[in-house]
Amino acid sequence: MAACVCGRAHAQHPSPQPGGPAAAGDPPSLRSRALGAGAALLQSKAPLNAMDLYLNGFHFYADDMGRPVEAHHFCTHLTEDLHQCTIFDSNDGNARLIGVEYIISERLFQQLPEDEKPLWHSHHYETTSGQLVMPGIPEAVETEAMRMLAGTYGKTWHTWQVDRGDTLPLGIPQLMMGYTRDGQLDPQRVEERDRRLGVSVAESRRARAGIQAPQPAPGANAWESGQTPQLSLQTVPVRNRR
């Protein structure tokens, strides 16, 4: 699993989803802002405060590689074999919560039921290619974290399709996947991200050249077969109705 990074990782450049629309509704009122400020002083936010690991990468819809989404992950190391992450469309205070990702070790992945494995994607390429970055972290620390993430697997659901211009989280969650080789993601998307965050995919790749990523385990990256799981909406009877 990924190395624990001491201290909090803060990107220094707010980075909205390129071309993303504003969320629906009016700006927060003075009353709403006052309520939020009071709650911030009086209420504990321990689960959020624990999410001190920030990663930036790209996902695509499991059934459509032509729809890449930049994903800002804020994660916590729940156990040695499990991270849990919230995903936002930017890293500023007005970011929209667009999904979640669970990251597990290969040991846990191998224990999954066979029908569960196709929901997960490997991180072998994202980590070694430099596509996944940790803005604001020293290169040596980032490289070590990527070395430990290289053999992990992610299960990702996006709940807000910001790439199609939705101003509300419409529809049902969508299963997302990660890229597995060069040429799958438009390099201009990566270059624009790099400029905005002050990172370099090329420099990260060179720094990670010594990472020996294991081959993805059978069952992961199901989309590579040409068939993939994806959710659909259906009406079902209500059970145990009172």
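Up top you'll find the structure we're talking about.
Residues numbered from 1 in each chain as written. Predicted model: local features only at pLDDT ≥ 70, side-chain atom pairs only at ≥ 80, totals over all residues. Heavy atoms only, no water.

Right, let's get into the overall build of the chain. A count of helical and extended segments in the chain gives seven helices and seven strands. Here the chain holds 242 residues, and the buried ones make up 43% of them. For the chain, the share of sequence-separated contacts (at least 6 apart) that also reach a separation of at least 24 residues comes to 70%. When the accessible surface of the chain is totalled, it reaches about 13200 Å², and 54% of it is carbon and sulfur. (Helix = DSSP H or I, 4+ residues; strand = E, 2+ residues; numbered from the N terminus. Buried < 20%, exposed > 50% of the residue type's maximum accessible area, 1.4 Å probe, protein only. Contact = heavy atoms within 4.5 Å. Areas by Shrake-Rupley, 256 points an atom, 1.4 Å probe, with all protein chains shown as cover.)

This brings us to the state of the cysteines. Tallied over the entire structure, the rule returns one disulfide. Across a sulfur-sulfur distance of 2.1 Å, Cys75 and Cys85 are joined as a disulfide pair. Taking the torsion about the sulfur-sulfur bond, which here is approximately 110°, the covalent link between Cys75 and Cys85 counts as right-handed. Taken together, the positions of Cys75 in strand β2 (residues 64-79) and Cys85 in strand β3 (residues 82-88) put the pair 10 residues apart, joining distant regions of the chain. (Disulfide = S-S within 2.5 Å.)

So, on to the pattern of salt bridges. Applying the stated criterion to the full structure yields 12 salt bridges. The partner of Asp89 in a salt bridge is Arg96, with the nearest N and O atoms 2.7 Å apart. According to the relative accessible area criterion, Arg96 is buried, its value standing at 8%. The partner of Lys155 in a salt bridge is Glu116, and the shortest N-O contact between them spans 2.9 Å. Here Glu116 lies in the loop between α3 (106-110) and β5 (121-122) and Lys155 lies in strand β6 (residues 153-158), a separation of 39 residues in the sequence. The two residues Lys155 and Glu116 agree in class, both being buried. Counted as one network, the salt bridges with shared partners bring together Glu70, Glu192 and Arg196. (Salt bridge = Lys/Arg side-chain N within 4 Å of Asp/Glu carboxyl O.)

Here the focus is the environment of Asp194. As for its position among the elements, Asp194 is in helix α6 (residues 187-197). For Asp194 and Val133, which are 61 residues apart along the polypeptide, the C-alpha to C-alpha distance reads 9.4 Å. Other than its neighbours up to four places away in sequence, Asp194 contacts Val199, Ser200 and Val201. One polar contact links the side chain of Asp194 to the main-chain amide nitrogen of Val201, over a distance of 2.8 Å. (Polar contact = N/O pair within 3.5 Å; in protein donor to acceptor, adjacent residues only side chain to side chain.)

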